[in-house]
Amino acid sequence: QSAIIDCCINSGEISATDTAGNSYAGGIAGEVCSKAIVTHCTNQGTVKADYCAGGIAGDIFTNGSIANCNNLGEITGNDYAGGISGFSRSKITYSSNCGEITTLASSSEAGGIVGMQNGGEVKHCYNTGLIYSDIKLGYFGGIVGASWHGSKIENSYNAGSITAENSTSGGIVG
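## Structural notes on the sheet that holds strand β18 (residues 101-103)
And then number 1: Taken in spatial order, the six strands of this open sheet run β3-β8-β13-β18-β23-β28, and their pairing is parallel. The open sheet is flanked by β3 (14-16) and β28 (162-164), the only strands paired with a single partner. Along the sheet, successive strands turn relative to each other by an average axial angle of 10°, direction set aside.
And then number 2: As judged from the two bridges shared by β18 and strand β23 (residues 131-133), these two strands associate in the parallel manner.

As structure tokens, then:
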């Protein structure tokens, strides 16, 4: 049976470290597994991870979903950072980010909704938070940092600023 996380709020600080650099941190869930559903959740806390950091989930697997969720907290990830999910292979709808998103490692990805999108969909989402990195090389977008392998982004908008040196940056996708 699928896991369902509904109407939850986090206001505490979440931090995940791993000497191998494979940590996942999310305001609601570190990882959202296949067929899991996260709805109507809000993160207000600071989230930090050595690898993937997201306001709602660090990582969301294929066939999972996040809908009607909001991030208000600051998100910092070494490799992937997103207001809703650091890394996504699935569907994110009707969600928003107002928090600042920062990456710390070279060749990283950061987005207002998703840091790295590898398939899946982002629909009816928006970002008003700052996307920031002072590292060299990377992909930074108002909605998605980097988008690959048949990913879709529809009916979404960005009103947040993007500040990144020597990188690929875009209002919607980096």
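Having put the structure on the table, let's press on.
## With respect to the packing of aromatic side chains
And then number 1: As enumerated under the stated definition, the model contains five aromatic pairs in all.
And then number 2: With a centroid separation of 5.4 Å and an interplanar angle of 75°, the aromatic rings of Y51 and Y80 are classed as edge-to-face. Residue Y51 is located in the loop between β8 (47-49) and β9 (52-54), and its partner Y80 is located in strand β14 (residues 80-82); the two are separated by 29 residues in the primary sequence. In this pair, the class of Y51 matches that of Y80, namely buried.
And then number 3: Note on Y80 and F87: the rings are 5.3 Å apart at their centroids and 80° apart in plane angle, and the pair reads as edge-to-face.

## Considering the nonpolar core
And then number 1: Residues V32, V38, I66, I92, I113 and V122 are the most contacted members of the largest nonpolar core, which totals 18 residues.
And then number 2: Among the secondary structure elements, those contributing two or more residues to this core are β5 (29-32) and β10 (57-60).
And then number 3: Those residues in contact with I66 that sit more than four places away from it in its chain are V38, I56, A57, I60, I84, K91, I92, T93 and S95.
And then number 4: Within the second largest apolar cluster, 12 residues are counted, among which are A53, A81, I131 and I135.

## Some words on the pattern of salt bridges
And then number 1: Tallied over the full model, the rule gives three salt bridges.
And then number 2: D59 is the partner of R89 in a salt bridge, and the nearest nitrogen-oxygen pair spans 2.7 Å. Remark: D59 occurs in strand β10 and R89 occurs in the loop between β15 (85-88) and β16 (91-93); sequence separation between them is 30 residues.
And then number 3: Residue R89 is classed as partly exposed on the basis of its relative accessible area of 27%.
And then number 4: For the salt bridge of E154 with K123, the shortest nitrogen-to-oxygen distance reads 3.9 Å. With E154 in strand β26 (residues 152-154) and K123 in strand β21 (residues 121-123), the pair connects residues that are 31 residues apart, well separated along the chain.

## Considering the side chain of T102
And then number 1: Structurally, T102 can be placed in strand β18.
And then number 2: Relative accessible area serves as the criterion here: at 12%, T102 is assigned to the buried category.
And then number 3: A polar contact of 3.5 Å, which involves the side chain of T102, links it to the side chain of E100.
And then number 4: When sequence neighbours within four positions are dropped, the list of residues in contact with T102 reads I75, T76, G77, A81 and Y132.

Rules used in this analysis
Residues numbered from 1 in each chain as written. Predicted model: local features only at pLDDT ≥ 70, side-chain atom pairs only at ≥ 80, totals over all residues. Heavy atoms only, no water. Pairing = 2+ DSSP bridges. Helix = DSSP H or I, 4+ residues; strand = E, 2+ residues; numbered from the N terminus. Axes fitted to C-alpha atoms, helices over the stretch in contact; angles between N-to-C directions. Phe/Tyr/Trp six-rings, centres within 6.5 Å; stacked < 30°, edge-to-face > 60°. Buried < 20%, exposed > 50% of the residue type's maximum accessible area, 1.4 Å probe, protein only. Core = buried A, V, L, I, M, F, W, Y, C linked by side-chain atoms within 4.5 Å. Contact = heavy atoms within 4.5 Å. Salt bridge = Lys/Arg side-chain N within 4 Å of Asp/Glu carboxyl O. Polar contact = N/O pair within 3.5 Å; in protein donor to acceptor, adjacent residues only side chain to side chain.

Purely geometric numbers; function is a separate question.
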